[in-house]
Amino acid sequence: MEARSDVGIVLMNLGSPDSTAVPDVQRYLNEFLMDKRVIDYPYLLRWLLVTRIIVPKRAPKSAEAYRSIWWEEGSPLIVLTKQLQKAVQHDLQLPVEIAMRYGNPSPAAAYDKLLQQSPQLKEVILLPLYPHYAMSSYETAAEYAKQVHQKKNYPFKLTIIPAYYDAPDYIDAVAESMRPYLQQDYDHVLFSYHGVPVRHIRKGDVTGKHCLQINDCCHAKSAAHEFCYRHQVHITSELVAAKLGLPADKWSVSFQSRLGREEWLRPYTAEQFEELPKQGKKKLLVACPAFVSDCLETLEEIAVEGKHTFISNGGDSFTMIPCLNVHPLWVQAVVKWCSQLAAKG
């Protein structure tokens, strides 16, 4: 499309510590876990839990995990988001910046950079790099971006692209990124999504009477689905599986990254890595469609810890399919969505 000087793009991802040093990881975890949409307890309880119990215990272990996957250029998530930024900017011919919900660069830094490039900026299109709506991912990113925009009274309009869990372009990109791996011999495909507490699903139910309260709630039509993470990840999995022609008995869904002792969405990915070999599913492919950029949760939790668990429990082969990262169809999808909105502006 023809270059414009009054529209800018921000790609917003989760974030990463500035380095693998324990103080940087501690600072990052404090910001992340003190988010009221991540741990939705009253402030004082959240503060005591995060700063006195979770972070002091978790930071050294997380720092070690980050060191095991850190690239020479820096955090994989940051590096990959910058690569996506470069690819999108090349094809879109609009200024593109990146922002993180936690850590650096902040939304304010991204907005300021766009204004420096285009003082006459009229609109910023923001794409949260979370395909599915959850209060602890998409919602907190979008609301934080809006809060910064309003607080600093920026002169441009902020347009946020809605969750795209069932968008054909996203589904095509995920399916085609997975397709080459299906050429190898495999017994099962596991779609592993970041977990959320069951409490979050109930809390996000705008009807107050649907999610986890009726039979097959993810498929019974309801206004709750617009904000229901559980519904959306199941729809993504079904659409991708259909696109790839996966038989129903050759794939399943699970949830990873559980924190604390309360009930989270089941089944848990870690438990599936133990159980699948016992079911004769010894050659496993794992895809993580909730993450569009490879990060700690895919490169370490799945590809290292998950593989070890699976093989230790009798599995023969384990392949983690990379996230979308800069897959050509994903880049095309982002460019298409942004260009369509820019044309409307």
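This is a predicted model, so every value here is computed, not measured. (Residues numbered from 1 in each chain as written. Predicted model: local features only at pLDDT ≥ 70, side-chain atom pairs only at ≥ 80, totals over all residues. Heavy atoms only, no water.)

Asks: Where do I start with the overall build of the chain in this structure?
Replies: Looking only at helices and strands, the chain features twelve helices and eight strands. Taking 2.2 N^0.38 as the reference for a compact globule, 345 residues should give roughly 20 Å; the C-alpha atoms of the chain span a radius of gyration of 20 Å, in line with that estimate. Principal-axis analysis of the C-alpha atoms places the extent of the chain at approximately 60 × 50 × 50 Å. For the chain, buried positions account for 54% of its 345 residues. Partitioning the intrachain contacts of the chain with sequence separation of at least 6 by distance along the chain shows that 73% fall at a separation of at least 24. Looking at the chain as shown, the accessible area adds up to about 15,600 Å², and 51% of this sits on carbon and sulfur atoms. If the 38 positive side-chain charges of the chain are averaged to one point and the 38 negative ones to another, these points end up 5 Å apart. (Helix = DSSP H or I, 4+ residues; strand = E, 2+ residues; numbered from the N terminus. Rg over C-alpha atoms; globule rule 2.2 N^0.38 Å. Buried < 20%, exposed > 50% of the residue type's maximum accessible area, 1.4 Å probe, protein only. Contact = heavy atoms within 4.5 Å. Areas by Shrake-Rupley, 256 points an atom, 1.4 Å probe, with all protein chains shown as cover. Lys, Arg positive; Asp, Glu negative; His and termini not counted. Charge placed at Lys NZ, Arg CZ, Asp CG, Glu CD.)

Asks: Explain the sheet that holds strand β8 (residues 317-320) here, please?
Replies: Remark on secondary structure: sheet strands pair via backbone hydrogen bonds, oriented parallel or antiparallel. Taken in spatial order, the four strands make up an open sheet running β6-β5-β7-β8, and their pairing is parallel. Each edge of the open sheet is held by one strand with a lone partner, namely β6 (251-256) and β8. Ignoring which end each strand starts from, the neighbouring axes of this sheet average 25° apart. Sitting on the sheet, helix α8 (residues 229-244) is in contact with β5 (188-194) and β6, with an inclination near 145° to β6. (Pairing = 2+ DSSP bridges. Axes fitted to C-alpha atoms, helices over the stretch in contact; angles between N-to-C directions.)

Asks: Explanation requested: the packing of aromatic side chains in the structure shown.
Replies: In this description, a pair of aromatic rings is defined by centroid distance and the angle of the planes. According to the stated counting rule, one finds 18 aromatic pairs in the structure shown. A centroid spacing of 4.9 Å and a plane angle of 45° characterise the contact between Tyr164 and Trp337, whose relative ring orientation is tilted. Of this pair, Tyr164 sits in the loop between β4 (157-160) and α6 (168-178) while Trp337 sits in helix α12 (residues 328-344), and the two are 173 residues apart along the sequence. Since its relative accessible area comes to 11%, Trp337 is described here as buried. Among the aromatic residues, ring-to-ring pairing joins Tyr164, Tyr170, Trp330 and Trp337 into one connected group. Lying across the ring of Tyr144, Arg101 places its NZ or CZ 4.1 Å from the centre. The ring of Tyr186 has Lys250 sitting right over it, with the charged end atom 4.5 Å from the ring centre. (Phe/Tyr/Trp six-rings, centres within 6.5 Å; stacked < 30°, edge-to-face > 60°. Lys NZ or Arg CZ within 6 Å of the ring centre and 35° of its normal.)

Asks: Even after reading the chapter, I still don't get a nonpolar patch on the surface, so can you show me in this structure?
Replies: A cluster of nonpolar side chains, contributed by Tyr43, Leu44 and Leu48, occupies part of the molecular surface with about 330 Å² of accessible area. Following the sequence through the fold, Leu48 ends up in helix α2 (residues 43-69). When its relative accessible area of 40% is taken as the criterion, Leu48 is described as partly exposed. (Patch = residues over 30% accessible without salt bridge, like charges linked within 9 Å, V, L, I, M, F, W, Y side chains within 5 Å. Salt bridge = Lys/Arg side-chain N within 4 Å of Asp/Glu carboxyl O.)

Asks: How should I be thinking about the nonpolar core in this particular structure?
Replies: In summary, soluble globular proteins display a tendency toward joint burial of nonpolar side chains. Ranked by internal contacts, the top residues of the largest apolar core, which has 114 residues, are Tyr111, Phe191, Tyr229 and Trp330. Setting aside residues no more than four positions away along its own chain, Tyr229 makes contact with His132, Tyr133, Ala134, Tyr193, His194, Val196, Ile201, Phe255, Leu265 and Ala290. (Core = buried A, V, L, I, M, F, W, Y, C linked by side-chain atoms within 4.5 Å.)

Asks: Which parts of the structure should I look at to understand the side chain of Thr159?
Replies: Tracing the backbone shows Thr159 in strand β4. Residue classification places Thr159 among the buried positions, given a relative accessible area of 17%. Each residue touching Thr159, except ones within four places of it in the same chain, is listed here: Glu123, Val124, Ile125, Leu126 and Leu341.

Asks: Which parts of the structure should I look at to understand the pairing of strand β1 (residues 7-16)?
Replies: Along a regular strand, successive side chains alternate from one face of the sheet to the other. Across the ten residues of β1, ten count as buried, placing the element largely inside the fold. By the bridge criterion, six bridges tie β1 to strand β3 (residues 123-128) in an arrangement that is parallel. Paired with Val10 across the strands is Leu126, a residue of β3. Pairing between β1 and strand β2 (residues 96-103): seven bridges, direction parallel. Pairing of Met12 across the sheet is with Ala99, part of β2.

Asks: Would you take a moment to explain the environment of Gln26 for this structure?
Replies: As for its position among the elements, Gln26 is in helix α1 (residues 22-33). Take Gln26: its relative accessible area is 31%, and that puts it in the partly exposed class. For Gln26 and Lys57, which are 31 residues apart along the polypeptide, the C-alpha to C-alpha distance reads 9.8 Å. When residues no more than four places from it in sequence are discounted, the contact partners of Gln26 are Val55 and Ala59.

Asks: What should I look at first to understand the sheet that holds β2 in this one?
Replies: Reading across the sheet, the four strands line up as β2-β1-β3-β4 and stay open at both edges, with parallel pairing between neighbours. Where the open sheet ends on each side, the last strands, each with one partner, are β2 and β4. Adjacent strand axes in the sheet meet at a mean angle of 30° when their direction is disregarded. Docked against the sheet, α1 engages β1 and β2, running at close to 85° with respect to β2. In the packing of helix α4 (residues 107-117) onto the sheet, contacts are made with β1, β2, β3 and β4, and the angle to β2 comes to roughly 160°.

Asks: So what exactly am I meant to see when it comes to the pairing of β5 here?
Replies: Of all seven residues in β5, six are buried, a share of seventy percent or more. Examined bridge by bridge, β5 and strand β7 (residues 283-287) share four bridges and lie parallel to one another. Pairing of Val189 across the sheet is with Leu285, part of β7. Note that β5 and β6 share six bridges and pair parallel. Across the sheet, the residue bridging to Tyr193 is Phe255, located in β6.

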